[in-house]
Amino acid sequence: MSKKELQPQLREDYLSEESKTLISSLLLSQNSVGKLCNYQGCWYFYNTLQGVVNFQKNFKPQDTDIILASFPKSGTTWLKALTVALFERSKKTDRSCDHPLESDNPHGLVPFLEMDLYLQNSTPDLTNLSSSSPRVFSTHMPLHTLQVPFKDSPCKVVYICRNMKDVLVSNWHFKCTNLENTEVEGSFTLETMFDSLCSGVHFFGPFWENVLSYWRGSLEDPEHVLFMKYEDLKVEPCGQIKRLAEFLGCPFSEEEEERGDVDKILELCSLRNLSNLEINKSGKTSNKVCNSSFFRKGEVGDWKNHLTPEMENKIDNIVEEKFKGSGLKF
Ligand code: PAP
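Residues numbered from 1 in each chain as written. Predicted model: local features only at pLDDT ≥ 70, side-chain atom pairs only at ≥ 80, totals over all residues. Heavy atoms only, no water.

An unreviewed UniProt entry annotates the chain as Sulfotransferase of Arabis alpina. If you open the UniProt record of the chain and go to Sequence similarities (unreviewed entry), you find "Belongs to the sulfotransferase 1 family." (UniProt positions renumbered as here; feature names shortened; annotations may be inferred.)

Structure below.
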């Protein structure tokens, strides 16, 4: 069987001479997927660093921009779908047309800054996004890195976090699907992923630094940074989607609530519904990842089916130590 290529953001073939020089000055490491460098306290594969640098140098914010942020496998796809659905309500489009979520994957509708738009291009064409107001982007970068081009911009950031044990298991399943038949396939196990996540030397890690950057940001500036939890969305979806809608400046009217629109959006964005749409069963993202691989179980506590008591203990200890005194509870 011919070997599949690694996804572009995990490789190192887009680097400018300037980025090569930058990388040579950074702390470097390696995990079971590839070589990483530490930029502004966060670990990136080399091509992704190029995307981050391109974004920081060239992105021009608009006041109404919305950024959806997360650590990988924390509920990004769900948050994107919900946000698209919330803004779609105000559009007076022809209802005989498909809903955007029926014709594209949430990742196609809300592109990643560093992994899609700026990955290969320092000045990507954002005009398509400009036609939809507000523009909605996504990122896995920590808040301080994201904020560089925003300075005093009033744009809003929504962060979704998820418990570290489910993040680990979800990441592992995702990588197993997407690294299959690549050079790194053999070296990649749940144990190597666990070691990498716990050491902090992990794509967009350390996990705790990523989460804490947004947690602190949300405490300092709650008008512009909303902190959400995957687990809360599972337990009280109505309350959480209303909170999201209010933060985004598009609260549900009484009339909408009476019509049951909250439940309709939740149903539209449910894992069951999205994963059954043709586009998500067969399509691929711009990074050649199967859309279907973003939808798996979507449960809280699936880690219990995979982690040993020792792994559970180690992660619990890390979480306790790293989040102590922050006020954030998992
Ligand atoms: P990303 O960071 O690579 O974009 P992300 O969407 O954050 O991935 O994570 C995927 C997880 O969200 C999967 O979790 P699991 O592996 O534990 O099952 C996926 O099933 C879950 N997920 C995707 N869409 C939804 C949804 N609509 N509702 C609930 N969970 C979802």
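Participant: Give me the lowdown on the pairing of strand β3 (residues 42-45), citing residues and values where you can.
Facilitator: Burial along β3 is two-sided: the residues Cys42 and Tyr44 and Trp43 and Phe45 are all buried. By the bridge criterion, four bridges tie strand β2 (residues 35-39) to β3 in an arrangement that is antiparallel. By the bridge assignment, Asn38 is partnered in β3 with Trp43. Between β2 and β3, which follow one another and run antiparallel, lie two residues, and Gln40 among them has a positive phi close to 50°. (Buried < 20%, exposed > 50% of the residue type's maximum accessible area, 1.4 Å probe, protein only. Helix = DSSP H or I, 4+ residues; strand = E, 2+ residues; numbered from the N terminus. Pairing = 2+ DSSP bridges.)

Participant: Report on the site of the ligand, specifying residues and quantitative values.
Facilitator: Taken together, 21 residues lie near the ligand, and Lys73, Thr76, Thr77, Ser170 and Gly298 sit nearest. With respect to the ligand, the side chain of Tyr230 contributes an N or O atom lying 2.7 Å from a nitrogen atom. Protein coverage of the free-state accessible area of the ligand, which is 640 Å², stands at 96%. Within the residue set of the shell around the ligand, elements represented by two or more residues are α3 (76-88) and α16 (271-276). No other element matches the three residues that α3 contributes to the shell around the ligand. Taken together, the residues of the shell around the ligand sort by class into eight nonpolar, nine polar and four charged. (Near = heavy atom within 4 Å. Polar contact = N/O pair within 3.5 Å; in protein donor to acceptor, adjacent residues only side chain to side chain. Areas by Shrake-Rupley, 256 points an atom, 1.4 Å probe, with all protein chains shown as cover. Nonpolar A, V, L, I, M, F, W, Y, C, P; charged D, E, K, R; others polar.)

Participant: So what's going on with unusual backbone geometry? Residues and values would help.
Facilitator: In the segment running from Gly205 into Pro206, the intervening peptide bond is cis, with an omega of -5°. Its place among the elements puts Pro206 in the loop between α10 (190-199) and α11 (207-220). The phi dihedral of Lys151 falls on the positive side, at around 40°, and the residue is not glycine. For Lys151, the position within the fold is in the loop between α8 (143-146) and β6 (156-161).

Participant: Any chance you could break down the environment of Asn58 for me, citing the residues and the numbers?
Facilitator: On the secondary structure map, Asn58 appears in helix α2 (residues 46-58). Note on Asn58: relative accessible area 25%, which makes it partly exposed. Put simply, Asn58 and Pro149 are 91 residues apart on the chain and 7.8 Å apart in space, counted from C-alpha to C-alpha. Within polar-contact distance, the side chain of Asn58 engages the backbone oxygen of Ser122 at 3.1 Å.

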